[in-house]
Amino acid sequence: MKLIISNNKKVDLTFPKVMGILNVTPDSFFDGGKYNKVSCAVDRVFYMIKNGATFIDIGGESTRPGSDIVEEEEEMDRVIPIIEALASRFDTIISVNTSRTLVMKQSLLVGAHLINDVRCFSEKGSLDVISKFRIPICLVHMKGTPKTMQRKPKYNNIISEIKDFFSEKISYFELHGINKSKLLLDPGFGFGKTVSHNYDLLSNLKEFNCFELPILVGMSRKSMISKFLNVSFDKCMLGSITCAVIAAMQGAKIIRTHDVKETMDALHIVSYILKKSNKFNNKDTNKC
Ligand code: 7PJ
């Protein structure tokens, strides 16, 4: 499986890759406030690339549960100078975590390659921007909004509901001129899910391979780990890597993480295991 970023940029997704998280918000729950200066962000990204990150995901709005909305101008001021600095220095794939049409457009103009919108391109005009720039996009499942999503989320069958969501979105985007090959799917760990829902998802993640699109997962230091283990966010690295391994063994292709180096170590072993198991056992696809 390959992801075409642009005419001269492709990512081989035969084996899982890492997306390093760069939060440029003052209030993110784990690393908020650390990388909001351009030079600190550049240093951090250099470190992540050196340790094996293929993608860098930049976010200027915290979407943690209960977080408030950030003004558009504030979000622009946080992310645009950093994207510009990164695009001129590194050959990495720059993903922007935003729901704002203007932020998408400006980010793409200064060198971003991918848009990751947890609100699934619901803002007016965003579809026009992504279709004009022909960039890959990540479709994330979320029930509610970051402000409300953790107020008793309920599902009858979380797997089939998220499959229906993906089917509907894929058709919608195709209908609006976006090639299916530009889509990444993310079941949205922590976005309108209880701890138990998140583990329902993780234990059945391979079900989403039926779409034959790359699956991206973000579980790094989320409450599904801290609450389950009853530890603080800073003690969640091993739990996060365990979840990353479980996802990658089921075919997840992009692992969004705060801990690039440690996740890469784990994924090197996962890739070797997948390679060896493929030698004996062909195709593990299922139908939707
Ligand atoms: C995710 C994300 C995720 C994608 C965040 C955090 C909260 N984007 N942005 N998937 N999570 N695609 O990092 O804890 O799971 S923000």
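Relevant structure appears above.
As a convention, each chain's residues are numbered from 1 in the sequence order in which they are written. Under the rules for a predicted model, residues below a pLDDT of 70 receive no local features and side-chain atom pairs below 80 are neither given nor counted, while totals for whole chains, interfaces and linings still include all residues. Water and hydrogen atoms play no part in the side-chain values, which are based on all heavy atoms of the structure.

## Overview of the site of the ligand
Every one of the 13 residues lining the ligand counts as a neighbour, but Asn97, Asn116, Asp186, Lys222 and Arg256 are closest to it. Note that an oxygen atom of the ligand is positioned 2.9 Å from one of the side-chain N or O atoms of arginine 256. Segments assigned H or I by DSSP are reported as helices when at least four residues long, segments assigned E as strands when at least two residues long, and all are numbered from the N terminus. Counting residues per element, the ones that place at least two in the shell around the ligand are strand S7 (137-140) and strand S9 (216-218). Any residue with at least one heavy atom within 4 Å of a molecule or strand is counted as near it. Whenever two N or O atoms come within 3.5 Å, that pair is a polar contact, provided that in protein one can donate a hydrogen and the other can accept it, and provided that, for residues adjacent in sequence, both atoms are side-chain atoms.

## Regarding empty space enclosed by the protein
A 1.4 Å probe that fits into a set of points on a 1 Å grid over the protein atoms alone but cannot get out defines a cavity; an open set with protein on both sides within 12 Å along at least five of seven lines defines a pocket, and lining residues are those with an atom within 4 Å of a point. Grid points are joined across faces, edges and corners, and a volume is the space filled by probe spheres set on the points. On inspection of all chains with the given rule, the structure shows one cavity of 30 Å³ or more. Taken as a whole, the largest cavity holds about 60 Å³ of empty space. Forming the boundary of the largest cavity are Met219, Ser220, Ser240, Ile241, Ala244, Ile255, Arg256, Thr257 and Thr263. For the lining of the largest cavity, the elements supplying multiple residues, two or more each, are helix H8 (237-249) and strand S10 (254-257). Polar here means any residue outside two lists: the nonpolar Ala, Val, Leu, Ile, Met, Phe, Trp, Tyr, Cys and Pro, and the charged Asp, Glu, Lys and Arg; Gly therefore counts as polar. Grouping the amino acids of the lining of the largest cavity by side-chain chemistry returns four nonpolar, four polar and one charged.

## Brief notes about the environment of asparagine 51
Looking at the secondary structure, you find asparagine 51 in the loop between helix H1 (38-50) and strand S4 (55-59). Buried residues are those whose accessible area, probed at 1.4 Å on protein chains only, stays under 20% of the maximum for their type, while exposed residues exceed 50% and partly exposed ones sit between those limits. With a relative accessible area of 16%, asparagine 51 lands in the buried category. Along the chain, asparagine 51 and lysine 147 lie 96 residues apart, while their C-alpha atoms are 34 Å from each other. In contact with asparagine 51, not counting residues within four places along its chain, are Val260, Lys261 and Met264. Between two residues, a contact is recorded if the distance between any of their heavy atoms is within 4.5 Å.

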